[in-house]
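Residue-level listing of the chains:
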Amino acid sequence: MKASQFFISTLKEAPAEAALASHKLMLRAGLIKANASGLYTWMPMGLRVLRKVENIVREEMNRAGAVELLMPVVQPAELWEESGRWEFYGKELLRLKDRHERDFCLGPTCEEVITDIVRKEITSYKQLPKNFYHINTKFRDEVRPRFGVMRAREFVMKDAYSFHADYESLVRDGYQPMYDAYCRIFNRLGLNYRPVAADTGSIGGTGSHEFQVLAESGEDVIAYSDTSDFAANVELAPTLRQQGERAPATETLTKVHTPDVKTIADLVAFLSVPVEKTLKSIVVEGEEEGELVLLLLRGDHEFNDIKAEKLTGVKSPLTMATPAAIQTGFGANGGSLGPVGFKGKVYADFAVEKLADIVIGANEDGYHYTGFNFGRDCPEPEFVDLRNVVEGDPSPDGKGCLKLARGIEVGHVFQLRDKYSQAMNAGFLDNNGKSQIMEMGCYGIGVTRIVAAAIEQNNDERGIIWTDAMAPFEVVVVPMNYKKSDAVREVADKLYAELLAKGVDVLLDDRDERAGVLLNDSELLGIPHRIVIGDRGLKKGVVEYAKRTDSEAQSVAVDAVVEKVAAGLQK
């Protein structure tokens, strides 16, 4: 492609609203243009990157035995009502009516549509297993779209759905092949990533893995072992029960006046106690009407609501108790709560089980207890896992300690089981002629998000750094004075033709721009390989060649540069 026939629209500065590196660079490089909040046009340069990602995803999905189809963006409400998600999904589901006043939505995902197709087409175990996928636009009405295409309202996703006669087939023929295919995809794209155990969230099911691209700007935190393959989202990573005996009590229970102390930080400062010797109290609604459940964890630890929601007797979805209910149940307001005298269910985190002489709320506004001890001052609670892991915790697999890293979720595989097939009656006849409900898996990749995540992971002060597999062009030929120098133009056209003949995806930047603009744009755009042609070098029979990651260019003979570049491409 010649630049004069293409469209390059770079900017010197990114708009002020861009915060992440990927958002800034995608706007500066002219990969995307904003239309409205969370809505973007993919410009020609950006679309080339997007299509290259799509092609790799498609190749690996086909290799794994999935069958491509294309489902609609606009989906009928009846299917979502049948699955129970029409109301449950919430305001992210953009609902609309057609001219006949029938309800529809813009699909954020396609479980309902594909299950409806399969229940009408597949009737026998002989037709199973089957895996369908498509790559299409999705829409989620994010309350606060941000970070460019990282969290946009409209985006491109590859979603696949597998159907099976039993759970063993789901794991063997669906989940594991998709897990392996995802690893191949991200390896081919050249991304530094980790598959991590994750919560199933609103999608549902019994097991899942996220694929996280490691980047300091990532919204997610993942925990991984320093000596084994264990990795999990911090929300799902379990903590272990501590070994050994609890230290004996050495202090008496003493009520202390703590005026205007509402937080753990206030408490630590007011009493000059270590934060590790304090407990914070979280009150949630129980399963029974009017029932309260008290959750206790160390003052310096972060509460994990996903773990808490799974506790027996806790209302699902997890619901924090109202101030009025807390006042009725404890006789005090938040900031002064504790287990002494509380008659309801109490759970305490594993990390506090061995503590003695603790500081805790006294269930009287403006007062706390010092010298509190479980068993002596209140009944022993049930000790459970209630917190997020922290760096240095023992790895749950017993091998090494945990480290934490930030990541960007770009893929997710789920064992859905029968969540949708049961609700929508997607059945089949088994080998005994009996009706059975299908087992399902679903597998998503954020294609547009991959582009942003790759930039977050690979950029410098000059711009984007693409891998060969993702770059809009593999090679850029930059001729100095292309319009004015016959010698430069002749060599540039010759090298361009030779690279095309070898199947290299090459851009000849024949724009009538200053040398600085051409060179800066090539770096901003992140094209992995660059050949610079100038009259001075041609007099010596050489051109300049550099990889985007090189600090300096090297002189290469004109007749040898095509072979050198072609040999260096990662095919």
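Computed from a predicted structure; not experimentally measured.

## Describing the side chain of Ser-9
Right, on to step 1. Position of Ser-9 among the secondary structure elements: in the segment before α1 (21-28).
Right, on to step 2. Judged by relative accessible area, Ser-9 falls into the buried class, the value being 15%.
Right, on to step 3. Sequence-distant contacts of Ser-9, defined by excluding residues within four places in its chain, comprise Arg-28, Ala-29, Gly-30 and Lys-33.

## Concerning unusual backbone geometry
Right, on to step 1. Along the chain, Leu-128 connects to Pro-129 via a cis peptide bond; the corresponding omega equals 0 degrees.
Right, on to step 2. Mapping Pro-129 onto the fold places it in the loop between α5 (111-121) and β7 (130-139).
Right, on to step 3. At the junction of Ser-316 and Pro-317, the peptide bond is cis and its omega measures out at 0 degrees in the coordinates.
Right, on to step 4. The residue Pro-317 is located in the loop between α8 (305-309) and α9 (323-330) in this model.
Right, on to step 5. At Glu-101, a residue that is not glycine, the phi angle is positive and equals roughly 65 degrees.

## Focus: the pairing of strand β23 (residues 439-446)
Right, on to step 1. β23 sits mainly inside the fold: eight of its eight residues count as buried.
Right, on to step 2. Going residue by residue along β23, you find Glu-439, Gly-441, Tyr-443 and Ile-445 tucked away on one face and Met-440, Cys-442, Gly-444 and Gly-446 tucked away on the opposite face as well.
Right, on to step 3. Note: strand β8 (residues 154-164) against β23, eight bridges, orientation antiparallel. Across the sheet, residue His-164 finds its bridge partner in β23, namely Glu-439.
Right, on to step 4. Relative to β23, strand β20 (residues 402-417) is paired through six bridges, and the arrangement is antiparallel. Across the sheet, residue His-412 finds its bridge partner in β23, namely Gly-444.

## Focus on the environment of Ala-237
Right, on to step 1. Mapped onto the secondary structure, Ala-237 falls in the loop between β12 (231-233) and β13 (254-257).
Right, on to step 2. Of the residues examined, Ala-237 reaches a relative accessible area of 0% and is grouped as buried.
Right, on to step 3. Taking the C-alpha atoms as reference, Ala-237 lies 6.8 Å from Ala-223; in sequence the two are 14 residues apart.

## Points about the sheet that holds strand β4 (residues 74-76)
In any sheet, the strands associate via hydrogen bonds between backbone groups, in a parallel or an antiparallel arrangement.
Right, on to step 1. An order of β4-β6-β5 is seen for the three strands of this open sheet, with the pairing classed as antiparallel. Either end of the sheet is taken by a strand with one partner, and the two such strands are β4 and β5 (95-97). Going across the sheet, the axis of each strand differs from the next one's by a mean of 40 degrees, ignoring polarity.
Right, on to step 2. Of the strand pairs in this sheet, β4 and strand β6 (residues 103-106) are connected by three bridges, and their pairing is antiparallel. The partner of Gln-75 across the bridge, within β6, is Cys-105.

## Brief notes about the nonpolar core
Right, on to step 1. The biggest cluster of nonpolar side chains holds 67 residues, and the ones touching the most others in it are Met-26, Tyr-182, Phe-186, Leu-189, Ile-450, Val-451 and Trp-466.
Right, on to step 2. Taken together, domain 1 (13-211 + 408-455) and domain 3 (475-568) each give at least three residues to this core, which thus spans both.
Right, on to step 3. Setting aside residues no more than four positions away along its own chain, Leu-189 makes contact with Val-53, Ile-56, Ile-450, Thr-467, Ala-469 and Met-470.
Right, on to step 4. Among the nonpolar cores identified, the runner-up in size contains 25 residues, and Leu-279, Val-352, Leu-355 and Phe-372 belong to it.

## Some points on the state of the cysteines
Right, on to step 1. Counted by the stated rule, this structure contains zero disulfides.
Right, on to step 2. Among the cysteines around Cys-442, which has no disulfide bond, Cys-110 carries the closest sulfur, lying 11 Å off.
Right, on to step 3. For Cys-442, a relative accessible area of 4% gives the class buried.

## With respect to the pattern of salt bridges
Right, on to step 1. For the structure on display, the rule yields 41 salt bridges.
Right, on to step 2. Across the pair Glu-60 and Arg-184 runs a salt bridge whose closest N-O atoms are separated by 2.6 Å. On the criterion of sequence distance, the pair formed by Glu-60 in helix α2 (residues 44-63) and Arg-184 in helix α6 (residues 167-188) is long-range, its members being 124 residues apart.
Right, on to step 3. Taking relative accessible area as the criterion, Arg-184 reaches 23% and is therefore assigned partly exposed.
Right, on to step 4. With a shortest N-O distance of 2.8 Å, Lys-255 and Glu-364 are connected by a salt bridge. Here Lys-255, found in strand β13, pairs with Glu-364, found in the loop between β17 (358-361) and β18 (367-372); they are 109 residues apart in sequence, far enough to count as distant.
Right, on to step 5. For Glu-364, a relative accessible area of 30% translates into the label partly exposed.

## Considerations on α6
Right, on to step 1. A rise of 1.5 Å per residue sets the reference length of α6, with its 22 residues, at 32 Å; its end C-alpha atoms lie 30 Å apart and thus fit the reference within 8%.
Right, on to step 2. Its axis deflected by about 30 degrees at Tyr-175, α6 carries its strongest bend there, up to four residues before the proline Pro-177.
Right, on to step 3. Of the residues making up α6, those classed as buried are Ser-169, Leu-170, Gly-174, Tyr-175, Pro-177, Met-178, Ala-181, Tyr-182, Cys-183, Ile-185 and Phe-186.
Right, on to step 4. For α6, the side-chain oxygen to backbone nitrogen distance between the N-cap and Glu-168 is 3.4 Å, and the N-cap itself is Asp-166.
Right, on to step 5. Gly-190 occupies a position one or two residues after α6 and carries a positive phi of about 75 degrees.

## Points about the packing of aromatic side chains
Right, on to step 1. Counting across every chain of the model gives eleven aromatic pairs.
Right, on to step 2. Relative to Tyr-89, the ring of Trp-80 has its centre 5.6 Å away and its plane inclined at 85 degrees; by these criteria the two rings are edge-to-face.
Right, on to step 3. Judged by its relative accessible area of 0%, Trp-80 is buried.
Right, on to step 4. Measuring from centroid to centroid gives 4.4 Å for Phe-330 and Phe-342, while their planes differ by 5 degrees, and the two rings are stacked. Remark: Phe-342 occurs in the loop between α9 and β16 (345-349) and Phe-330 occurs in helix α9; sequence separation between them is twelve residues. Take Phe-330 and Phe-342: they sit in the same class, and that class is buried.

## Remarks on α2
Right, on to step 1. With 20 residues, α2 extends 28 Å between its outermost C-alpha atoms, agreeing within 8% with the 28 Å of an ideal straight helix rising 1.5 Å per residue.
Right, on to step 2. For α2, the full list of buried residues reads Met-45, Gly-46, Val-49, Leu-50, Lys-52, Val-53, Glu-54, Ile-56, Val-57, Glu-60 and Met-61.
Right, on to step 3. Count one or two residues on from α2 and you reach Gly-65, which has phi positive near 95 degrees.

## Overview of a negative patch on the surface
Right, on to step 1. On the surface, Glu-235, Glu-302, Asp-305 and Glu-309 cluster together into a negatively charged patch.
Right, on to step 2. Here Asp-305 is to be found in helix α8.
Right, on to step 3. You can call Asp-305 partly exposed: its relative accessible area is 42%.

## Regarding the sheet that holds strand β27 (residues 506-508)
Right, on to step 1. Taking strand neighbours across the sheet as the criterion, the five strands line up as β27-β26-β28-β29-β30 in an open arrangement whose pairing is mixed. A strand with exactly one partner marks an edge of an open sheet, and here the two such strands are β27 and β30 (554-557). Averaged over all pairs of adjacent strands, the angle between strand axes in this sheet comes to 25 degrees, irrespective of strand direction.
Right, on to step 2. With five bridges connecting them, strand β26 (residues 475-479) and strand β28 (residues 529-533) associate as parallel partners. For Val-477, the partnering residue across the bridge sits in β28 and is Ile-531.

Cut-off values and rules
Residues numbered from 1 in each chain as written. Predicted model: local features only at pLDDT ≥ 70, side-chain atom pairs only at ≥ 80, totals over all residues. Heavy atoms only, no water. Helix = DSSP H or I, 4+ residues; strand = E, 2+ residues; numbered from the N terminus. Buried < 20%, exposed > 50% of the residue type's maximum accessible area, 1.4 Å probe, protein only. Contact = heavy atoms within 4.5 Å. Pairing = 2+ DSSP bridges. Axes fitted to C-alpha atoms, helices over the stretch in contact; angles between N-to-C directions. Core = buried A, V, L, I, M, F, W, Y, C linked by side-chain atoms within 4.5 Å. Domains from an automatic or database assignment. Disulfide = S-S within 2.5 Å. Salt bridge = Lys/Arg side-chain N within 4 Å of Asp/Glu carboxyl O. Expected span 1.5 Å × (residues − 1). Bend = angle between axes of the 7 residues up to and from the residue. Polar contact = N/O pair within 3.5 Å; in protein donor to acceptor, adjacent residues only side chain to side chain. Phe/Tyr/Trp six-rings, centres within 6.5 Å; stacked < 30°, edge-to-face > 60°. Patch = residues over 30% accessible without salt bridge, like charges linked within 9 Å, V, L, I, M, F, W, Y side chains within 5 Å. Areas by Shrake-Rupley, 256 points an atom, 1.4 Å probe, with all protein chains shown as cover. Lys, Arg positive; Asp, Glu negative; His and termini not counted. Charge placed at Lys NZ, Arg CZ, Asp CG, Glu CD.

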